[in-house]
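Structural characterization, general
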Amino acid sequence: MSHQQDRSRPSGSSTALSEAYDTALLDLDGVVYAGGEAIGHAVESLARARAGGMHLAYVTNNALRTPDAVAEHLTELGVPAEPSDVITSAQAVARLVADQLPPGARVLAIGGEGLRVALRERGLVPVESADDDPTAVVQGYGGPDMAWGRFAEASYAIRRGLPWFASNTDLTIPGARGIAPGNGAAVEVVRIATGAEPQVAGKPLPPMHRETVLRTGAKRPIVVGDRLDTDIEGAFNGGVDSLLVLTGVTDAAQLLAAPPQHRPTYVDRDLRGLLTGQPEVTPAGDAYRCGGWSAAVRGGEPVLEGEGEALDGLRALCAAAWTFAGPGVCGLETGKALAGLGL
């Protein structure tokens, strides 16, 4: 099943997504948990999907923790997982580096333990200083306590001409207290200091999709995420379907403004969306209908009419806004149309 050719409206599914796809490639931060705590309905939804035969794989751009630590945390939250179920951008960037450097190469690691473990797994030797004769620099998320001096070490080495790799460039990361700077913000610090550009492995770029396919063996995967510019674009680049959940950084207004590569196949409130079919969005004259709602763009303004499930109204609005925008970004003011949905 694939809906990749039509980016003008969300797709419908007559069967539960957990039955239509064999593997869910789940983002973690903002989807399964936030700030260490499980997001509402995540634990029971994933348990039911797994019991129904769906393979669950956890695909994260966060390079800080090791797969063992992530699997242990998931299990503690009530989502049983093995380290082999976890794919991180640290693993993806380590493979990218290993493809270009000889075995045993020394690599300046700017990040946390997850990055160092992934580099060792690929036969590379992490070092701590630009004076330790590294042959490359690899940067991954180091957490909120990462010392500023680590960015200086990276800058010294890169200015000497060493190749620079980054696990991912997510500018933000969700947490229990709100949205915090992510690895992309740290990468920008080093970019400003050096004028260099890193090779990036994480979502939405192909190395991460390659790593995920190699490790999961998925045949009919669906990407599940909360970010348009990583999860959804990564699915688009990989030619697979996607489910956006509204439990993380993306809100309804951002979804309506999405360009084609950021438009998910499906949209739902949370991970309960895996367990249900998805309602069809159908054209009706100059409007689109979903459930009890009808949406159109008239006089340069989005118009939403009807009643019923708020998500159906959002799906109809997506179809109207995306059709209006075509291959571009929808620049319409959507606040008035969204106000009555309570999202």
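Predicted, not measured: the structure shown is a model, and the values here were computed from it. (Residues numbered from 1 in each chain as written. Predicted model: local features only at pLDDT ≥ 70, side-chain atom pairs only at ≥ 80, totals over all residues. Heavy atoms only, no water.)

**Notes on the overall build of the protein chain**
Operational definition: Note on conventions: DSSP H or I runs of at least 4 residues are helices, E runs of at least 2 residues are strands, and numbering of each starts at the N terminus. Both definitions apply: the radius of gyration is a C-alpha atom measure, and the globule rule equals 2.2 Å times residues to the power 0.38. Contacts are assigned to residue pairs with any non-hydrogen atoms lying within 4.5 Å of each other. Only four residue types enter the tally: Lys and Arg on the positive side, Asp and Glu on the negative side, with His and both chain ends excluded. In this description, the location of a charge corresponds to atom NZ of lysine, CZ of arginine, CG of aspartate or CD of glutamate.
Across its full length, the protein chain carries twelve helices and 19 strands. Taking 343 residues into account, the globule formula puts the C-alpha radius of gyration at 20 Å, and the protein chain, at 21 Å, falls close to it. Principal-axis analysis of the C-alpha atoms places the extent of the protein chain at approximately 65 × 45 × 35 Å. In the protein chain, 70% of the contacts between residues at least 6 apart in sequence involve partners at least 24 apart. Separation of charge centres in the protein chain, based on 28 positive and 41 negative side chains, amounts to 3 Å.

**Observations regarding the packing of helix H6 (residues 149–159) against helix H7 (residues 183–194)**
Put simply, the rule reads: For every element, the axis is a line fit to its C-alpha atoms; helices are fit only across the contacting stretch, and the angle between N-to-C directions ranges from 0 to 180 degrees. An angle below 35 degrees is read as roughly parallel, one above 145 as roughly antiparallel, one from 65 to 115 as roughly perpendicular, and any other as oblique. Take the far helix as your reference; a near helix turned counterclockwise from it by less than a right angle gives a left-handed crossing, and one turned clockwise gives a right-handed crossing. Throughout, the ten residues Ala, Val, Leu, Ile, Met, Phe, Trp, Tyr, Cys and Pro are labelled nonpolar, Asp, Glu, Lys and Arg are labelled charged, and all others, Gly among them, are labelled polar.
As a packed pair, H6 and H7 sit with axes 9 Å apart at the nearest point and diverge in direction by 45 degrees. One element, H6, and the other, H7, form an angle in the oblique class. As H6 packs across H7, the resulting crossing turns out to be right-handed. Contacts from Phe151, Ala154, Ser155, Ile158 and Arg159 of H6 reach H7 at Ala186, Val189, Val190, Ala193 and Thr194. Considering only residue class, the contact of H6 with H7 consists of seven nonpolar, two polar and one charged.

**Some words on helix H11 (residues 310–325)**
Threshold: For a helix, the expected span equals 1.5 Å multiplied by the number of residues minus one. The term polar contact refers here to a pair of N or O atoms within 3.5 Å; inside protein, the definition further demands a hydrogen-donor-capable atom paired with an acceptor-capable atom, and it admits residues adjacent in sequence only when both atoms are side-chain atoms.
Here H11 is 16 residues long and its end C-alpha atoms lie 22 Å apart, about the 22 Å a rise of 1.5 Å per residue gives. In this structure Glu309 caps H11, since a side-chain oxygen of it lies 3.1 Å from the backbone nitrogen of Leu311. Just downstream of H11 lies Gly326, where phi reads positive at about 60 degrees.

**Describing the environment of Val329**
Considering the arrangement of structural elements, one finds Val329 in the loop between H11 and helix H12 (335–339). Taking the C-alpha atoms as reference, Val329 lies 27 Å from Pro198; in sequence the two are 131 residues apart. Beyond its immediate stretch of four places on either side in the chain, Val329 contacts Ala257 and Pro259.

**Thoughts on the pairing of strand E13 (residues 221–225)**
The side chains of a regular strand alternate between the sheet's two faces. Applicable threshold: Relative accessible area decides the class of each residue, using a 1.4 Å probe on protein chains only: under 20% of the type maximum gives buried, over 50% gives exposed, and in between gives partly exposed. A pair of strands is considered paired only if DSSP assigns at least 2 bridges between the two. Handedness of a crossover: with both strands directed away from the viewer, a clockwise path from the first strand across the helix to the second marks it as right-handed.
Burial analysis of E13 places five of its five residues in the buried class, which makes it a mostly covered element. Side chains of E13 alternate between two faces, with Pro221, Val223 and Gly225 and Ile222 and Val224 buried alike. Where strand E1 (residues 23–26) meets E13, four bridges bridge the pair, whose relative direction is parallel. Each bridged residue has a counterpart across the sheet, and for Leu26 the counterpart in E13 is Val224. The pairing of E13 with strand E14 (residues 241–245) spans four bridges and is parallel. Bridging from a neighbouring strand, Val224 pairs with Leu243 of E14. As a crossover connection, the stretch from E13 through helix H9 (residues 228–238) into E14 is right-handed.

**A few points about the pattern of salt bridges**
We apply this condition: By definition here, a salt bridge exists when the distance from a side-chain nitrogen of Lys or Arg to a carboxyl oxygen of Asp or Glu is within 4 Å.
Tallied over the full model, the rule gives 20 salt bridges. In this structure, Arg120 and Glu113 form a salt bridge, with 3.7 Å as the shortest nitrogen-oxygen distance. With relative accessibility at 43%, the residue Glu113 sits in the partly exposed group. The closest approach of N and O atoms between Arg116 and Glu128, which form a salt bridge, is 3.1 Å. You can see Arg116 sitting in helix H5 (residues 113–121) and its partner Glu128 sitting in the loop between strand E7 (125–127) and strand E8 (136–139), a full twelve residues away along the chain. Given a relative accessible area of 13%, Arg116 falls into the buried group.

**Considering the packing of aromatic side chains**
Applied cut-off: Ring geometry is summarised as follows: Phe, Tyr and Trp rings, the Trp one being its six-membered ring, pair when their centres sit within 6.5 Å, and such pairs are stacked at plane angles under 30 degrees, edge-to-face over 60 and tilted between the two.
This model, assessed by the stated rule, comprises two aromatic pairs. A ring pair is formed by Tyr21 and Tyr266, whose centres lie 6.3 Å apart and whose planes are at 75 degrees; its orientation type is edge-to-face. Highlighted residues: Tyr21 in the loop between helix H1 (17–20) and E1 and Tyr266 in strand E15 (residues 266–268), separated in sequence by 245 residues. By relative accessible area, which is 0% here, Tyr266 ends up buried. Ring centres of Trp148 and Phe151 lie 5.3 Å apart, and the angle between their planes is 85 degrees; this geometry places the pair in the edge-to-face category.

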